[in-house]
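Breakdown of the fold
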Amino acid sequence: MKYKKLFIPGPTEVSKEVREAMGVFMIGHRAPEFSELYKEVHPKLQKLFYTNNPIFLSTSSGSGLMEAAVRNLTNKRVLSCIIGAFGKRWYQMALANGLEADPLEVEWGQAIKPEMVEEKLKTGKYDVITVTHNETSTGVMNPVGEIAEVVKKYDDVMFCVDAVSSLGGVKIPADEWGIDVLLTSTQKAIALPPGLALASVSERALKRAETVKNRGFYFDFLNFKKYFDKFQTPTTPTIPHIYALNVQLDRMLEEGLENRFKRHEEMAKRVRSWAKEKGFELFAEEGYESNTVTTIKNTRGINVSDLNKALAERGKTISNGYGNLKEKTFRIAHMGDLTMDDINELLADIEEILGI
Ligand SMILES: *Cc1c(COP(=O)(O)O)cnc(C)c1O
């Protein structure tokens, strides 16, 4: 297989140090060594999530924890904010678990505004709200900080945020925003190989879970908490990922979280202005563009799969549009450990291939 640098919104490039950290000897997950490892990782994770809540390590992709959030916390009804494919997935998960749920959907490319949420929550019908922080299909970042101000007014509404494609690249202060479940995968802006997901869960959310009957087994938050109290996980975790996470968190903290967020913002600005300069348009509503992935409208009518084939020859790959947006849009991810040099090199290659 030929190596290609990943400019796709997950999995992302994984550094050599992180890959090597996965290849060390195994330990037992009930042995003290494992608890030591979890204990070492946990305060660093709390820094990354800006929270004092416990953070659970889930051996699943992020979708597992999305399902867990609605399943563990809903007694009444879920309000699912949908601005693209991943918001829709969360709504479908609620229904698939036999829960009552309503979509709050806007046209793809747009963001959810706090007033829309207020109008729904004031009906009193809901006890859970799900919001996608960064919609990877459309390249839109929802104003979660503003939405948080609305959700805070409703004491019994659990605030669940999918930050799969942004946590690690954008600041998301969980406690300040009153987020009850903040979840992410590790194969996107955290730049680990796929297979481990993370969620911070508030005390309020754990209290709610006590009142919910059908929490399931594998993703039962109360069981996660019971084992967390011993710095363990309910079932055998992907230990290699946790070694890797420990190394990657050190690298992230060494770079400095604020510097890391700034790097993401600068790469995003570069890609956005490049796209406009070259006669493309952005898919995202102005003011709500993602800092980790840019969805570009194919206003020049290029052949995206041909472009990607030519890029592969140069050892790089980008993403076509998601689902129905294929060929109508294409996506350049600028997240994880990618640098401005990587982005500049990619854009120069695209210019050469397209002759633009
Ligand atoms: C990738 C992605 C998911 C799904 O994550 P998995 O780890 O593949 O389960 C969910 N939400 C968003 C916003 C994503 O980008």
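Everything in this summary refers to the structure shown in the same document. (Residues numbered from 1 in each chain as written. Predicted model: local features only at pLDDT ≥ 70, side-chain atom pairs only at ≥ 80, totals over all residues. Heavy atoms only, no water.)

1. Comments concerning the nonpolar core
One finds V117, F159 and L245 to be the most contacted residues of the largest nonpolar core, which totals 88 residues. Leave out the neighbours within four places in its chain, and V117 touches C81, L104, I112, I129, I147, V150 and V151. Of all hydrophobic cores here, the second largest spans 20 residues; its members include A275, L307, L311 and I332. (Core = buried A, V, L, I, M, F, W, Y, C linked by side-chain atoms within 4.5 Å. Buried < 20%, exposed > 50% of the residue type's maximum accessible area, 1.4 Å probe, protein only. Contact = heavy atoms within 4.5 Å.)

2. Describing the side chain of N308
Secondary-structure assignment places N308 in helix 11 (residues 304–313). The class for N308 is buried, based on a relative accessible area of 16%. Discounting chain neighbours no more than four positions away, the residues touching N308 are K316, T317, I318 and S319. (Helix = DSSP H or I, 4+ residues; strand = E, 2+ residues; numbered from the N terminus.)

3. What to know about the site of the ligand
Lining the immediate surroundings of the ligand are 15 residues, of which S61, S63, T136, D162 and K188 lie closest. Taking D162, its side chain carries an N or O atom lying 2.6 Å from a nitrogen atom of the ligand. Separating an oxygen atom of the ligand from a side-chain N or O atom of S185 is a distance of 2.6 Å. Notes on the ligand: free accessible area 380 Å², of which the protein chains cover 91%. Where the shell around the ligand is concerned, the elements lending two or more residues are helix 3 (62–73) and helix 4 (85–96). In terms of residue class, the shell around the ligand is built from three nonpolar, nine polar and three charged. (Near = heavy atom within 4 Å. Polar contact = N/O pair within 3.5 Å; in protein donor to acceptor, adjacent residues only side chain to side chain. Areas by Shrake-Rupley, 256 points an atom, 1.4 Å probe, with all protein chains shown as cover. Nonpolar A, V, L, I, M, F, W, Y, C, P; charged D, E, K, R; others polar.)

4. Looking at unusual backbone geometry
For the bond running from G10 to P11, omega is -10°, close enough to zero to count as cis. Following the sequence through the fold, P11 ends up in the loop between strand 1 (5–6) and helix 1 (16–21). Phi at Y50 takes a positive value of approximately 50°, unusual for a residue other than glycine. Here Y50 shows up in the loop between helix 2 (32–49) and strand 2 (55–58). Within the chain, E327 stands out as a residue other than glycine whose phi angle is a positive 70°. Checked against the element boundaries, E327 lands in the loop between strand 14 (319–320) and strand 15 (329–333).

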